[in-house]
Amino acid sequence: MSYELTSFEKEMESILLEMQQQLQGKIAETDQDFRNVVGASGIKDSIDLATDDMAAKKMEAISKVDSNRLKAVEQALIRIKNGKYGICAQCGKRIPEGRLRALPYALLCMDCKSRNENH
Ligand SMILES: [Zn+2]
C-alpha cells in the first residue's frame, strides 16, 4: 500500500530532505548562539538582559522564520508520503510544477496564496 512516487516527487523529496537538514542545523546553531549571548551576560534569570536584548530578539526572529520554514518543509514531506504533494491545501487544485520548483514547500496554489495575502 505504499504510494508510488513520481520522479518529480522523488526529486522534490530529496530537495526537501536537504532543506530540512540545513534548517535543523541552522536552528541548532542559532540556539547555541542565543545561549552564548545569554550565558555571556552572566545573568541566568533574564532580569536584566537589556544590552543583549536586541541581539537576542534578532536571533529569535531569525530562528522563528527558520522554524516556520522547517515546519512547512516537514509538512511537504508528509504530503509526499501521503500522495498529496503538489495539491493545494486550500482549494485542492494541482500546484504547477514550476511553482513547486521555485518553492518546494509551497502548500497553496498561487490563487489561494494571493487570496490569503489580500485578507
Ligand atoms: Zn488553491
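Structure shown above.
Here the structure is a predicted model, which is why all the values come from computation and not from measurement.

### Observations concerning the overall build of the protein chain
Tallying secondary structure elements over the protein chain gives 4 helices and 0 strands in all. N-terminal to C-terminal, the α/β element order of the protein chain is α-α-α-α. Taking all 119 residues of the protein chain together, 12% fall into the buried category. Across the protein chain, contacts joining residues at least 24 apart in sequence account for 58% of those joining residues at least 6 apart.

### Some points on the nonpolar core
M12, L16, L23, V73, A76, I80, Y85, I95, L100, Y105 and C109 form the largest nonpolar core, which has 11 residues in total. For this core, the secondary-structure elements that each account for two or more residues are helix 1 (7-40) and helix 2 (50-82). When residues no more than four places from it in sequence are discounted, the contact partners of L16 are V73, A76, L77, P104 and Y105.

### Some remarks on the environment of M110
Along the polypeptide, M110 turns up in helix 4 (residues 110-118). When the C-alpha positions of M110 and C88 are compared, they lie 9.1 Å apart, and in sequence the two are 22 residues distant.

### What to know about the environment of E4
Relative to the helices and strands, E4 resides in the segment before helix 1. Between the alpha carbons of E4 and G83 there is a distance of 8.2 Å; along the sequence they are 79 residues apart.

Conventions used here
Residues numbered from 1 in each chain as written. Predicted model: local features only at pLDDT ≥ 70, side-chain atom pairs only at ≥ 80, totals over all residues. Helix = DSSP H or I, 4+ residues; strand = E, 2+ residues; numbered from the N terminus. Buried ≥ 20, exposed ≤ 12 C-beta atoms within 10 Å, placed from the backbone. Contact = placed C-beta atoms within 7 Å. Core = buried A, V, L, I, M, F, W, Y, C linked by C-beta atoms within 7 Å.

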